[in-house]
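Summary of the model geometry
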Amino acid sequence: MPSSASLAKLPCATIEGVTTAPIRRIAHLDMDAFYASVELLRYPQLKGLPMVIGGGRRKVDEALRNVPEGGTLADIPVAAFPLLKDYAGRGVITTATYAARQFGIGSAMGLMKAAKLCPQALILPVDFDEYRKYSRRFKQVITEIAPLMEDRGVDEVYIDFTDVPGGQREGGRVLARLIQKSILQATGLTCSIGVAPNKLLAKMASEFDKPNGISIVFERDLQARIWPLPCRKVNGIGPKADEKLQGHGIRTIGELAAKERDWLIAHFGKATGAWMHEVAWGRDERAVVTESEPVSMSRETTFERDLHAVRDRAELGAIFTRLCEQLAADLQRKGYVGKTIGIKLRYGDFKIATRDQTIESFTADPKAIRRIAGQCLKRVPLERPLRLLGVRVGTLARAGEAATELVASGGTARRGKSPADEAAAQTASLF
């Protein structure tokens, strides 16, 4: 382990006990079992029971919504909900309640494997529209209190507490409590918050006291609270890197910090080795970014059973069209257009194929996306059964900016189709 004397080299915001400037305080907020918690708002009778969210919607799920006149979803008896042991088909778990996690069930686990671990768990389908609605609500609550918020997905954000009233009190605990309470009042949902000098440590801290916890970390806590953690707790160290680290006898963040920078660079490369040295010492200068432009947007779905391009042509065609329409709606709702359209296939043996094509003009039109994505499909083998299909649009620009860019470059909007569009239109879709 590195010596405690080395910690003196870490940044300090005080000189002889006098604060010279506000200490940097960054929070990571993670909603607790978000999808499952949203479902429990609809079905409070399931609270405390093992439950998983995943798979596609089935007839049994639709039947649950047929509540007798005058009744509510909360009146549905627990016995009416489908059990995981009766689930048939493909799919993975999106999330699980804490009661289900005690059986070893976790996100991204196959539903069939989970059924062996906890057959008595209840299963509900994913309802992204409902989760997005609650996501927007809790983020609005946060920005009304602390406007410097970085959106990191449907259920987590970073927040800069540094200059917000209450953000320095008790290391940020006072402000974190206010945000927790406000989110609970507005949505009925709980969250866990970690507050630290930077994003790296804040994300780790948000996991310390789940659910509904607040964890405060300072630079001085590095040796006691961060170094004993396994290296996999560092956001960015994946299974392969961790396996290689363990091959060198490095299992904890403290053991990683004990390695010289040059040694890490020699064994992991210049960029990765230098980065590992910095994160092991708790250093992270990334700012909280309130506006970040997406690189691409996509939609994909995993099938309940393997589908074949010939035998299941009609079903695949309907799914393909729906994905393109959903993706176009996402682009239009968020005000983006794109020029690179691509597809992603995962075969029954889990191998993946991707293809994309860049067109001359920006678009968010579902028919154009469908045409070009269909052209991409002609460039991949379709003899093997498929388990996943996805559509992606990249090279994004704001819709208004794309039009301005076209005029500024001396171009004019094309009234006809691009050569790529023409070629695709002349070829019948494989689906």
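Residues numbered from 1 in each chain as written. Predicted model: local features only at pLDDT ≥ 70, side-chain atom pairs only at ≥ 80, totals over all residues. Heavy atoms only, no water.

Things to note about the overall build of the protein chain
Tallying secondary structure elements over the protein chain gives 16 helices and 14 strands in all. Here the protein chain holds 431 residues, and the buried ones make up 45% of them. Contacts in the protein chain between residues at least 24 apart in sequence constitute 69% of all its contacts with a sequence separation of at least 6. Approximately 21,900 Å² of the protein chain is accessible, and the part contributed by carbon and sulfur atoms is 52%. (Helix = DSSP H or I, 4+ residues; strand = E, 2+ residues; numbered from the N terminus. Buried < 20%, exposed > 50% of the residue type's maximum accessible area, 1.4 Å probe, protein only. Contact = heavy atoms within 4.5 Å. Areas by Shrake-Rupley, 256 points an atom, 1.4 Å probe, with all protein chains shown as cover.)

Digging into the environment of Glu291
Note that Glu291 resides in the loop between helix H12 (270–280) and strand S11 (296–307). Along the primary structure Glu291 and Asp151 are separated by 140 residues, whereas in three dimensions their C-alpha atoms are 8.5 Å apart.

Remarks on unusual backbone geometry
A cis geometry characterises the amide bond from Lys210 onward to Pro211, with omega recorded as -5 degrees. Mapping Pro211 onto the fold places it in the loop between helix H7 (199–205) and strand S10 (214–216). With a phi angle near 40 degrees, Ala33 is a residue other than glycine that sits in the positive phi range. Considering the arrangement of structural elements, one finds Ala33 in the loop between strand S3 (26–31) and helix H1 (34–42). The buried category is assigned to Ala33, whose relative accessible area is 7%. The backbone of Ala108 shows a phi angle near 75 degrees, a positive value even though the residue is not glycine. Within the element layout of this structure, Ala108 appears in the loop between helix H3 (98–101) and helix H4 (111–117).

Examining the sheet that holds strand S9 (residues 191–196)
Strand order across the open sheet formed by five strands is S7-S8-S3-S9-S10, with mixed pairing between neighbours. Strands at the two margins of the open sheet, each flanked by one partner only, are strand S7 (149–151) and S10. The mean inter-strand angle of the sheet, taken between neighbouring strand axes irrespective of direction, is 15 degrees. Examined bridge by bridge, S3 and strand S8 (residues 156–160) share five bridges and lie antiparallel to one another. Bridging across to S8, Ile26 finds its partner in Asp160. Relative to S8, helix H5 (residues 128–145) is tilted by about 5 degrees, and along the sheet it contacts S3, S7 and S8. In this fold helix H6 (residues 173–187) packs onto S3, S8, S9 and S10, with an angle of close to 160 degrees to the strand it touches most, S9. (Pairing = 2+ DSSP bridges. Axes fitted to C-alpha atoms, helices over the stretch in contact; angles between N-to-C directions.)

Thoughts on the confidence of the model for the protein chain
Mean pLDDT for the protein chain: 85, with 85% of residues reaching 70 or above. Note on residues 1–15: pLDDT under 50 across the span, and 29 contacts to partners over four residues away in sequence or across chains. Within the model, pLDDT remains below 50 along residues 404–428, and this stretch shows 25 contacts once partners closer than five positions in the same chain are excluded. (pLDDT = per-residue confidence, 0-100.)

Structural notes on the sheet that holds strand S4 (residues 51–54)
By definition, the strands of a sheet pair up through backbone hydrogen bonds, in either a parallel or an antiparallel sense. Read from one edge of the open sheet, three strands run S5-S4-S6, paired in mixed fashion. Because the sheet does not close on itself, it has two edges, and the strands there are strand S5 (93–96) and strand S6 (122–124). Across this sheet, the average inter-strand angle for adjacent strands is 30 degrees, counted without regard to direction. With three bridges connecting them, S4 and S5 associate as antiparallel partners. Bridge pairing links Gly54 to Ile93 in S5. With respect to the sheet, H1 is in contact with S4, S5 and S6, its orientation differing from that of S4 by roughly 110 degrees.

As for the packing of H1 against H5
Packing of H1 against H5 leaves a shortest axis separation of 10 Å and a crossing angle of 100 degrees. Between H1 and H5, the angle is such that the two are roughly perpendicular. Along its contact with H1, which presents Phe34, Tyr35, Val38, Glu39, Leu41 and Arg42, the element H5 presents Phe128, Glu130, Tyr131, Tyr134, Ser135 and Phe138. Taken together, the residues of the contact of H1 with H5 sort by class into eight nonpolar, one polar and three charged. (Parallel < 35°, antiparallel > 145°, perpendicular 65-115°, else oblique. Nonpolar A, V, L, I, M, F, W, Y, C, P; charged D, E, K, R; others polar.)

As for the nonpolar core
Leu29, Phe34, Ile142, Ile159, Ile179 and Ile183 are the most contacted members of the largest nonpolar core, which totals 39 residues. With five residues, H5 is the single largest residue contributor to this core. With residues up to four places along the chain from it excluded, the contact list for Ile159 reads Arg25, Ile26, Ala27, Leu29, Ile142, Ala146, Leu148, Met149, Ile179 and Val288. Membership of the second largest hydrophobic core comes to 33 residues, among which are Phe303, Val337, Ala364 and Ala373. (Core = buried A, V, L, I, M, F, W, Y, C linked by side-chain atoms within 4.5 Å.)

Brief notes about the packing of aromatic side chains
The full count for this structure, using the stated rule, is seven aromatic pairs. Where Tyr43 meets Phe81, the ring centres are 5.1 Å apart and the plane angle is 80 degrees; that geometry is what we call edge-to-face. With Tyr43 in the loop between H1 and S4 and Phe81 in the loop between helix H2 (59–64) and S5, this pair connects stretches of sequence that are 38 residues apart. Like Tyr43, the residue Phe81 is buried in the burial classification. (Phe/Tyr/Trp six-rings, centres within 6.5 Å; stacked < 30°, edge-to-face > 60°.)

Description of H1
Counting buried positions over the nine residues of H1 gives seven, a clear majority of the element. Considered for burial, the residues of H1 that qualify are Phe34, Tyr35, Ala36, Ser37, Val38, Glu39 and Arg42. Close packing links the buried residues of H1 with S3, S4, S5, S6 and H5.

Some thoughts on the pattern of salt bridges
Taken as a whole, this structure holds 21 salt bridges when the rule is applied. The closest approach of N and O atoms between Arg152 and Glu150, which form a salt bridge, is 3.5 Å. Residue Glu150 is joined to Lys199 by a salt bridge in which the shortest nitrogen-to-oxygen separation is 2.5 Å. Taken as a pair, Glu150 in strand S7 and Lys199 in helix H7 lie far apart in primary sequence, 49 residues in all. Considered together, Glu150 and Lys199 belong to a single accessibility category, that of buried residues. Connected through shared salt-bridge partners, Asp30, Asp32 and Lys210 make up one network. (Salt bridge = Lys/Arg side-chain N within 4 Å of Asp/Glu carboxyl O.)

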